[in-house]
Amino acid sequence: MYGKMKEHLCKELADIKEAGLYKDERLIVSPQQASIKVKGEQVLNFCANNYLGLSNHPRLIDAAKKTLDERGYGMSSVRFICGTQDIHKELEAAISDYFKTEDTILYASCFDANGGVFDPLFTDEDAIISDALNHASIIDGVRLCKAKRYRYKNADMNDLERCLKESQAQRFRIIVTDGVFSMDGNVAPMDKLCDLADKYNALVMVDESHSAGVVGATGHGVSELFGTYDRVDIYTGTLGKAFGGAMGGFTTGRKEIIDMLRQRSRPYLFSNSLAPSIIGASLEVFEMLKEDHSIHDKLAENVAYFYDKMISAGFDIKPTQSAICAVMLYDAKLSQEFAAQMLEEGIYVTGFYYPVVPKDEARIRVQLSAGHNREQLDKCINAFIKVGKKLGTIK
């Protein structure tokens, strides 16, 4: 039975390789941090979501070990049966405090949070208005819901207003956007977006996965940056990026919305609760971020330094307000070759190309971390310049 399908898949895979779109995975044999071990060599990592440099922080490791000893390895159950410990509720309260919201619900990942947020709240009487560059998890979540779908051009408020006008026939409407768009590094204009939501009576949802811990004066995300705390109804986010880098997601916002998700959100109802060690380490993260803002300040300093040096060297980098710097190369095969030669220089970066980004918009996505020091930043910049001149992307 499998013979014909195997033949079909082999041809598809061969076509992907021929087009230069095949994705290989490099094996890391060390903890995730600024310097990692790949193929027996120490290299500098500039492609992780480890924005605050916490993935291997000793305080998080100690907290995870302590919680493992006190609360065990796993819950072996979903939350509403027998999978909720008091520490799960403590973490939900800490997240609510961080985002200045009324309540929070935990998920196994933000992909699950986005997949489980729309269907319990909206029907075919309603409308979901989504930014064109929203993450795949939002797109998949919208597909699971019967609401009418509208899409507006990335961060284009005129096009958003068009969608809002067209959706006035629907009962409820919600505008959905990433806080930071992960491939480009730009930030959604939340103040203007909320103004339009007020004008056309719409709810607002923002995915903070790449913005929480990163943007804003103290890293508290887009509502801190734009002053929109009381104007956003739903936030989703992850514990797998700036907040420690393990796994876990959340939805936080209006109390009644969160309560309804606890009753009807399928990824929450039918997935095991997060392991106690992850909860313990995550609680430590939010405690650290309460103490001071020095980690975020270091991240902001690193981003500004790297961006200025790369622009001065002649690289084409999309404007960024985040920790993501998209070094544009446009050609898919070039992006792979560039990344391979960067690894030879001791710098671990990844080429992004179709279908992850649009065709002919291939790039190296550099992700800065508070864990990088100035010497490591300089080594990365110098490697970019060396490889860029060799491959003809800069003079």
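See the structure printed just above.
Quantities reported herein were computed from a predicted structural model and do not represent experimental measurements. (Residues numbered from 1 in each chain as written. Predicted model: local features only at pLDDT ≥ 70, side-chain atom pairs only at ≥ 80, totals over all residues. Heavy atoms only, no water.)

Focus: the side chain of K241
For K241, the position within the fold is in the loop between β8 (234-238) and β9 (249-253). Although K241 is buried, it forms no salt bridge, and the closest oppositely charged side chain is D207 at an N-O distance of 7.3 Å. Those residues in contact with K241 that sit more than four places away from it in its chain are N49, N50, Y51, S209 and H210. (Helix = DSSP H or I, 4+ residues; strand = E, 2+ residues; numbered from the N terminus. Buried < 20%, exposed > 50% of the residue type's maximum accessible area, 1.4 Å probe, protein only. Lys, Arg positive; Asp, Glu negative; His and termini not counted. Salt bridge = Lys/Arg side-chain N within 4 Å of Asp/Glu carboxyl O. Contact = heavy atoms within 4.5 Å.)

Structural notes on helix α14 (residues 332-344)
Its 13 residues place the ends of α14 19 Å apart at the C-alpha level, agreeing with the 18 Å of an ideal helix rising 1.5 Å per residue. In this structure, the buried residues of α14 make contact with β10 (324-330), β11 (347-348), β12 (351-352), β13 (362-367) and α15 (374-391). Just downstream of α14, G346 is the residue with a positive phi angle, here 90°. (Expected span 1.5 Å × (residues − 1).)

Examining the sheet that holds strand β2 (residues 41-45)
Strand order in the open sheet formed by 3 strands is β1-β2-β11, with mixed pairing between adjacent strands. Bordering the open sheet on either side are β1 (35-38) and β11, each of which pairs with just one other strand. As judged from the 4 bridges shared by β1 and β2, these two strands associate in the antiparallel manner. Across the sheet, S35 pairs through a bridge with L44, a residue of β2. (Pairing = 2+ DSSP bridges.)

Remarks on the packing of aromatic side chains
Tallied over the entire structure, the rule returns 10 aromatic pairs. A centroid spacing of 5.2 Å and a plane angle of 70° characterise the contact between Y98 and F99, whose relative ring orientation is edge-to-face. Across this residue pair, the class does not change: Y98 and F99 are buried. Considering the side-chain rings of Y98 and F243, the 5.3 Å spacing of their centres and the 85° angle between planes classify their relative orientation as edge-to-face. Of this pair, Y98 sits in helix α4 (residues 86-99) while F243 is found in the loop between β8 and β9, placing the two residues 145 residues apart along the sequence. Judged on exposure class, the residue Y98 and its partner F243 are both buried. (Phe/Tyr/Trp six-rings, centres within 6.5 Å; stacked < 30°, edge-to-face > 60°.)

Brief notes about the pattern of salt bridges
Per the stated rule, a full pass over the model turns up 22 salt bridges. In this structure, D159 and R162 form a salt bridge, with 2.6 Å as the shortest nitrogen-oxygen distance. Here D159 pairs with R162, and both are found in helix α7 (residues 157-166), just 3 residues apart, close to one helical turn. Across the salt bridge formed by D195 and R231, the nearest N and O atoms sit 2.7 Å from each other. Of the two residues, D195 is situated in helix α8 (residues 190-199) and R231 in the loop between α9 (222-226) and β8; the sequence distance between them amounts to 36 residues. Classification of D195 by relative accessible area gives partly exposed; the value is 44%.

As for the sheet that holds β8
Taken together, the 7 strands give an open sheet; going across it, the order is β3-β9-β8-β7-β6-β4-β5, and neighbouring strands pair in mixed fashion. Here the strands that pair on one side only, and so sit at the sheet edges, are β3 (103-107) and β5 (148-152). Strand-to-strand twist in this sheet, taken as the mean axis angle between neighbours without regard to direction, amounts to 20°. Bridge count for strand β4 (residues 127-131) against strand β6 (residues 173-178) is 4 bridges, and the pairing is parallel. Looking at β6, one finds that I129 is bridged to I175. Taken strand by strand, helix α10 (residues 255-264) contacts β3, β8 and β9, and its axis lies near 30° from that of β3. (Axes fitted to C-alpha atoms, helices over the stretch in contact; angles between N-to-C directions.)

Focus on unusual backbone geometry
Going from Y354 to P355, the amide bond is cis rather than trans, its omega being 10°. Along the chain, P355 turns up in the loop between β12 and β13. Of note, the phi angle at Y330 is positive, near 75°, even though the residue is not glycine. Residue Y330 is classed as partly exposed on the basis of its relative accessible area of 38%. For D360, which is not glycine, the phi dihedral falls at a positive 65°. Tracing the chain through its elements places D360 in the loop between β12 and β13.

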